Amino acid sequence: MNYKRTKSWLKFIRRFRFHNRKYKDRLFQRVFQDKEDLLELYNAINGTDHQNPEELEITTLEDVIFMSMKNDKSFMISSTMNLYEHQSTVNPNMPVRGLLYFAQLYDEYIKLHDLNMYGHKLVKLPMPQYIVFYNGTEKIPDDYTLLLSDAFESDPSAKDMEPALECKARILNVNSGHNAELMNKCRRLMHYSLFIARIRQNIDRGMPIEQAIDESISYCIRHDILKDVLLKNRSEVRHMLLTEFDEKKFAKSIWKEGHESGYTEGHESGYTEGHNSGYTEGCESILEILDAINRGNDTVEKLTALGYDAKTAQEVLEKK
């Protein structure tokens, strides 16, 4: 990351650093904060018919180094350990994130139930299920799976070597017009997709972001779309969305700058390498690093774990 790009996102970090902590949640997390709604979503995805929300136990972790925790929900029900995450960008590294998260969830589970991992008896564990809800603007299939094993490099001379680990991330496109069967089974999810679609339509019509959000909130309240959430938390939802759209706009500008920087630097080090570096730094890690810093978890180790070199990470911490 060059110095110019570092300065740009340092200014952005300062702008959002002192936001009230209650605004760190994303709308998706707020929409499914009640057990009843989360259970409806679980039933819709798995074809089950659980009726008692109290069977569902929330297990969301608070301070996980490698993940942006703004959107995540983890919970247990009927011997399954579920991790639900919302994403507005395509990220092929979701299985890695899932692996790191599940490792901590199982560690907590083993400690909580005082399980003996060193005995002769097989320890039974809840089955992991990892779902990523995608509502970005890139075109993706309605339903597909990412595998951790696709990221592994192997010894080319070891013909029969197989990976010892696997983690599957099931990606569900929850944009309006996609996964109709799932949407019909989960009214809450359908309404969430309609609300986001309305905001985007307003922006496409030329409305400023603030006006697009306000009109969408009023429209959805009138048509009983997420009415309970929007009436009760109107100002908070507005703040959430403004923050999200500003972050996305900033990430997009970082990508553009990285693209241009990559093109210029390409005369010396190769256009492709410069372009890819700019894209990765701008679009894949910026929101994670912003969240880490906003939550106060800003150490050189944690920033470098997100993909930044030690020198840049140190510079960030000194200048913020």
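A brief report on the enclosed structure follows. Keep in mind that this is a model prediction, so the values were computed, not measured. (Residues numbered from 1 in each chain as written. Predicted model: local features only at pLDDT ≥ 70, side-chain atom pairs only at ≥ 80, totals over all residues. Heavy atoms only, no water.)

Concerning helix α3 (residues 35-46)
Between its first and last C-alpha atoms α3 spans 16 Å; for 12 residues at 1.5 Å apiece the expected length is 16 Å, and the two agree. Listing the buried residues of α3 in full gives Asp37, Leu38, Leu39, Leu41, Tyr42, Asn43, Ala44 and Ile45. Among the residues trailing α3, Gly47 stands out with phi positive, at a value near 70°. (Helix = DSSP H or I, 4+ residues; strand = E, 2+ residues; numbered from the N terminus. Expected span 1.5 Å × (residues − 1). Buried < 20%, exposed > 50% of the residue type's maximum accessible area, 1.4 Å probe, protein only.)

Focus on the packing of aromatic side chains
According to the stated counting rule, one finds 8 aromatic pairs in the structure shown. Ring geometry for Tyr84 and Phe133: centres 5.3 Å apart, planes at 80°, overall edge-to-face. On the criterion of sequence distance, the pair formed by Tyr84 in strand β3 (residues 80-87) and Phe133 in strand β4 (residues 127-134) is long-range, its members being 49 residues apart. Residues Tyr84 and Phe133 agree in their burial class; the two are buried. When the centroid spacing of 6.1 Å and the interplanar angle of 90° are considered together, the rings of Phe102 and Tyr130 count as edge-to-face. One end of the pair, Phe102, is in helix α4 (residues 94-112); the other, Tyr130, is in strand β4, with 28 residues separating them in the sequence. The rings of Phe28, Phe32, Tyr42, Phe75, Tyr84, Phe133 and Tyr192 are connected pair by pair, giving a single aromatic cluster. Here Arg198 stacks its cationic end above the ring of Tyr219, 3.7 Å away from the centre of that ring. (Phe/Tyr/Trp six-rings, centres within 6.5 Å; stacked < 30°, edge-to-face > 60°. Lys NZ or Arg CZ within 6 Å of the ring centre and 35° of its normal.)

A closer look at the sheet that holds strand β6 (residues 168-173)
Pairing within the open sheet is mixed, and its 6 strands lie in the order β1-β2-β3-β4-β6-β5. On the outer flanks of this sheet lie β1 (57-58) and β5 (143-147), each paired with one strand and no other. Relative to strand β2 (residues 73-77), β1 runs antiparallel, the two being bridged by 2 bridges. Within β2, the position partnered with Ile58 by the bridge is Phe75. Running over the sheet, α4 touches β2, β3, β4, β5 and β6 and is turned about 140° from β3. (Pairing = 2+ DSSP bridges. Contact = heavy atoms within 4.5 Å. Axes fitted to C-alpha atoms, helices over the stretch in contact; angles between N-to-C directions.)

With respect to the pattern of salt bridges
On inspection of all chains with the given rule, the structure shows 11 salt bridges. Between Asp214 and Arg238 there is a salt bridge whose closest N-O contact spans 2.7 Å. Here the residue Asp214 occupies a position in helix α7 (residues 209-222), and Arg238 occupies one in helix α9 (residues 234-269), the gap between them amounting to 24 residues. The class of Asp214 is partly exposed, set by a relative accessible area of 26%. (Salt bridge = Lys/Arg side-chain N within 4 Å of Asp/Glu carboxyl O.)

Thoughts on the side chain of Asn202
Residue placement: Asn202 occurs in helix α6 (residues 187-204). The residues touching Asn202, leaving out its near neighbours within four places in the chain, are Met207, Ala212, Glu215 and Ser216.

Thoughts on the environment of Gln129
Assignment of secondary structure puts Gln129 in strand β4. The class of Gln129 is partly exposed, set by a relative accessible area of 27%. With 47 residues separating them in the primary sequence, Gln129 and Asn82 have C-alpha atoms 4.8 Å apart. In this view, Gln129 contacts Asn46, Met81, Asn82, Leu83 and Phe102; residues no more than four positions away in its chain are not counted.

Describing the pairing of β6
As defined by bridge partners, β4 adjoins β6 across 4 bridges and the pair is classed as parallel. Across the sheet, the residue bridging to Tyr134 is Asn173, located in β6. Note: β5 against β6, 5 bridges, orientation antiparallel. Along β6, the bridge assignment pairs Leu146 with Ala169.

Topic: the packing of α6 against α7
Relative orientation of the contacting elements α6 and α7 amounts to 140°, with a least axis distance of 8 Å. Classified by the angle their axes make, α6 and α7 are oblique. The element α6 and its partner α7 pack so that their crossing is right-handed. Taking contact as the criterion, the partners of Phe195, Arg198, Ile199, Asn202 and Ile203 in α6 are, on α7, Ile209, Ala212, Ile213, Glu215, Ser216, Ile217, Tyr219 and Cys220. Tallied by class, residues from the contact of α6 with α7 come to 9 nonpolar, 2 polar and 2 charged. (Parallel < 35°, antiparallel > 145°, perpendicular 65-115°, else oblique. Left-handed = near helix turned anticlockwise from the far one by under 90°. Nonpolar A, V, L, I, M, F, W, Y, C, P; charged D, E, K, R; others polar.)

A word on the nonpolar core
Counting 37 residues, the largest nonpolar core has Tyr84, Phe133, Leu189 and Phe195 as the members making the most contacts within it. The leading source of residues in this core is α3, at 6 residues. What Phe195 contacts, discounting residues up to four positions off in sequence, is Leu27, Ser216, Ile217, Cys220, Leu226, Leu230, Val237 and Leu241. Among the nonpolar cores identified, the runner-up in size contains 19 residues, and Leu83, Tyr109, Tyr130 and Leu146 belong to it. (Core = buried A, V, L, I, M, F, W, Y, C linked by side-chain atoms within 4.5 Å.)

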